[in-house]
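# Notes for the structure review
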Amino acid sequence: KEKWLESEIKRLKKSSTFEADFNMLMIAIETGLANIALITNFSHNRIATVKKNIPGKRYEQSYRNKAYEEFFSDVSRILSEKIKSVKINTIIICGPGRTKNRFDQFIKEKSQIPNLPKTYCIQASSGTESAILETLKSKELTSLKENVKFVLKTEKIESIMQLFATNSDLIATE
């Protein structure tokens, strides 16, 4: 181009600040259910869903512990395979209760995953796919959001949808 508009130069500078290969693995986990997704700069891909029947509190604790161990092993196996195939920068474990913390402890102590990236535990309402989206919108990911273009675009879309619901006259395009 012979002549560049200032807005085009500004957009080019802004787009070059994003990490091109930022990959974040998100695991939404609750008792007996885990959803795993890969978040990149430009996409959100669901990798797997793991379901396992965990006996209730009326059963002997050894049965519960064994079921948890098998469940966590299944999830960490998928996690390990993904880490081998894709360079993962961060792992986010989200979900209700203490299951997320127990899984975090399991992968650090028992799973022996080589090159395990930094993990964060964040409170979410469930272990379903919607918990992953809920966590992406949460305030707790602010330090990571600066590097992930997909998350920033999701926030913009959310604010536009909110404007549609409240006052659509305020919406304008760049």
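So, a few notes on the structure that sits alongside this text. All values derive from a computational prediction rather than experimental measurement.

On to the overall build of the chain, then. Looking only at helices and strands, one finds six helices and five strands in the chain. In the chain, the share of contacts with a sequence separation of at least 24, taken over all contacts with a separation of at least 6, comes to 60%. When the accessible surface of the chain is totalled, it reaches about 11200 Å², and 51% of it is carbon and sulfur.

On to the pattern of salt bridges. Counting across every chain of the model gives six salt bridges. Here glutamate 69 makes a salt bridge to lysine 110, at a shortest N to O gap of 3.6 Å. Taken together, the residues glutamate 69 in helix α2 (residues 61–85) and lysine 110 in the loop between α3 (99–109) and β5 (118–123) connect sequence positions 41 residues apart. Residues aspartate 74 and arginine 77 are paired through a salt bridge, measuring 3.2 Å at the closest nitrogen-oxygen approach. With aspartate 74 and arginine 77 both in helix α2 and three residues apart, this pair spans about one turn of that helix. A residue is classified by how much of its surface remains accessible, and aspartate 74, at 25% relative accessible area, is partly exposed. Residue class for arginine 77 comes out partly exposed when judged on its relative accessible area of 46%.

Conventions adopted
- Residues numbered from 1 in each chain as written.
- Predicted model: local features only at pLDDT ≥ 70, side-chain atom pairs only at ≥ 80, totals over all residues.
- Heavy atoms only, no water.
- Helix = DSSP H or I, 4+ residues; strand = E, 2+ residues; numbered from the N terminus.
- Contact = heavy atoms within 4.5 Å.
- Areas by Shrake-Rupley, 256 points an atom, 1.4 Å probe, with all protein chains shown as cover.
- Salt bridge = Lys/Arg side-chain N within 4 Å of Asp/Glu carboxyl O.
- Buried < 20%, exposed > 50% of the residue type's maximum accessible area, 1.4 Å probe, protein only.

Nothing here speaks to function; it is geometry throughout.
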